[in-house]
Amino acid sequence: MQSDAKSIRPLKGFREFLPEPLPNSDVWSMAARNYVFSKWRKTAIQYGFAEFDAPPVEPLDLYRLKSGDEIVEQLYHFETKGEKGSAVALRPEMTPSLARMISDYERGYSKPIKWFSIPQLFRYERQQKGRKREHFQLNVDLFGESGAGADSEVIALLIDTLKSLGLGSDDFVIRLSSRQAWEQFFSSKNPQATSADQYSFFQIIDKLERTDPTESNNKLQAFQLTLDEVQSFIDAANPTEELEEILAQLKARGLSDFVKIDYRIIRGLAYYTGVVFEAFDRKGNHRAIAGGGRYDELVSLISGGKVKIAGLGFGMGDVVLCDLLRERGLMPDFQSESRLDVFALIEDAGLRNETLKLVQSFRNQGLRVEFCLSDLKPQKQFKKALESRANWTTRLEKTETGLDLIWKRMEDRFETRQSLDESVEWNIAFPPVQSQTDL
Ligand code: HAM
């Protein structure tokens, strides 16, 4: 059967990551993705977090009830094959898998447990700026500490991660809030309310910024509240004792400029129990860069009450972050970065095997080396060396007494020559000269 590969396009909302140089500015760069991941890893490791991973496909039940309606509606889910087919889903977030792993293995780890991961996540979401149907997320989570010290550490890590990418306090802010503060506000008006009522109320607050005020006001009436009352509570921005402590600890680190109390943040996910926060760009051009908070009941919920351990953390997505870095001119120019240490030219085809010996000895030293796999004219080979952004070219040349190795530094075309002894194993120093001053 013939298929027209051209008509089979990637699914909407799924990205392809291409090597540099990119064919156009609309495609995603693999070098940029690796750059962001390396900064994510580096900061998490600096703070003493250890990397973990989990299965990308999980039982559907892991997400039902635990995550909240919005994310469950967005699941990619299906039945597995065979008679005993079961309902499974591609992971839309990492937190439920992590909570299960913690409930299974926490006894083997000293507390606090500090773990991070960079999963790819899948959500069947309406496509819009900053939202795809797959994305990568840095997840940083900490278990076994219920005091504000843990919250301030995790928030400081979030700030330092963004700082390591060149973003400053003029670029982003962490909007800090508290589910407990909202719980108190809600239950003072609704003393008999169930937790389902409370969650419905949280959903109204979560969508406040995106919903028509009249509609929000109508929905709030079901809970004996008006939009004005809610707005006054938000405007007062009275920090709870816990938030005050977190702010004081962030101040001690010199990070006050990066945070503000903002009760408009409540977070859509069902499992949060305490402090919640989201990072936004200051200009307000983008969706949230990151979001997280405390979820002290989730491990207990997932383990059926067997394991009780406090948890908190955040997720930072790559889509909004990369948009922001590009907008601010903070994405490095990967095209101009050197890709190779040495390009070996083979101008005398009779020296191909000797050149292979040379290439192998360079690679054994850990150098990045390429050469042309079939015979090409010298100019074409040199063009390839330029395209591959090699720092040096080398080529072998026969002499009356043996073999010479001729080096060319691509930056300034400086050349140097050395004789090789064919009877011994080659262990050639690289670079052949250290700098201009060595000449
Ligand atoms: P979340 O707010 O759903 O939280 O996602 C965190 C971040 O991931 C968002 O701020 C956004 O940058 C990015 N993100 C989410 N959905 C998409 C999407 N469809 N396309 C592109 N980027 C997206 C969580 O997932 C929590 N599990 C985070 C967490 C970890 N809380 C505690 N620990």
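Preceding block: the structure.
All of the points below concern the structure found in this document. (Residues numbered from 1 in each chain as written. Predicted model: local features only at pLDDT ≥ 70, side-chain atom pairs only at ≥ 80, totals over all residues. Heavy atoms only, no water.)

**A word on the nonpolar core**
W182, F201, M316 and L321 are the most contacted members of the largest nonpolar core, which totals 71 residues. Residue contributions to this core peak at nine residues, all from helix α4 (residues 148–164). Among residues more than four places away in sequence, those in contact with F201 are W182, F185, F186, L220, F223 and L225. (Core = buried A, V, L, I, M, F, W, Y, C linked by side-chain atoms within 4.5 Å. Buried < 20%, exposed > 50% of the residue type's maximum accessible area, 1.4 Å probe, protein only. Helix = DSSP H or I, 4+ residues; strand = E, 2+ residues; numbered from the N terminus. Contact = heavy atoms within 4.5 Å.)

**Topic: the packing of helix α1 (residues 30–46) against α4**
Axis angle and axis distance: for two packed helices, these are the angle between their axes and the distance between the axes, and together they describe the pair. Between α1 and α4, whose axes approach to 9 Å, the crossing angle comes to 140°. Here α1 lies oblique to α4, going by the angle between them. In terms of crossing hand, the pair formed by α1 and α4 is right-handed. Contacts between α1 and α4 involve K39, W40, T43 and A44 from the former and L157, D160, T161 and S164 from the latter. Looking at the contact of α1 with α4 residue by residue, the classes come out as three nonpolar, three polar and two charged. (Axes fitted to C-alpha atoms, helices over the stretch in contact; angles between N-to-C directions. Parallel < 35°, antiparallel > 145°, perpendicular 65-115°, else oblique. Left-handed = near helix turned anticlockwise from the far one by under 90°. Nonpolar A, V, L, I, M, F, W, Y, C, P; charged D, E, K, R; others polar.)

**Let's talk about the sheet that holds strand β18 (residues 403–409)**
Hydrogen bonds between backbone atoms are what pair the strands of a sheet, whose relative direction is either parallel or antiparallel. On the basis of which strands lie adjacent, the open sheet formed by five strands has the order β16-β15-β17-β18-β19 and mixed pairing. Each edge of the sheet is formed by a strand with only one pairing partner; in this case those strands are β16 (369–371) and β19 (415–420). Each adjacent strand pair in this sheet contributes to an overall mean axis angle of 25°, direction not counted. Where β18 lies against β19, six bridges are found, and the strand directions are antiparallel. Considered in β19, the bridge of L405 is made with Q418. Strands β15 (340–345), β17 (390–398) and β18 of the sheet are contacted by helix α13 (residues 378–387), whose axis makes an angle of about 175° with β15. (Pairing = 2+ DSSP bridges.)

**Quick notes on the packing of aromatic side chains**
Aromatic rings considered in pairs are described by the distance between their centres and by the relative angle of their planes. The tally for this structure, following the rule as stated, stands at 27 aromatic pairs. When the centroid spacing of 5.5 Å and the interplanar angle of 15° are considered together, the rings of F37 and W40 count as stacked. Taken together, the residues F37 and W40, both in helix α1 and three residues apart, mark about one turn of the helix. Taken as a pair, F37 and W40 share a single burial class, namely buried. Members of the aromatic cluster, each reached through a chain of ring pairs, are W182, F185, F186, F201, F202, F223, F233 and Y263. Sitting over the ring of Y124, R133 keeps its end group 4.1 Å from the ring centre. The ring of W28 carries R326 above its face, with NZ or CZ at 4.8 Å from the centroid. (Phe/Tyr/Trp six-rings, centres within 6.5 Å; stacked < 30°, edge-to-face > 60°. Lys NZ or Arg CZ within 6 Å of the ring centre and 35° of its normal.)

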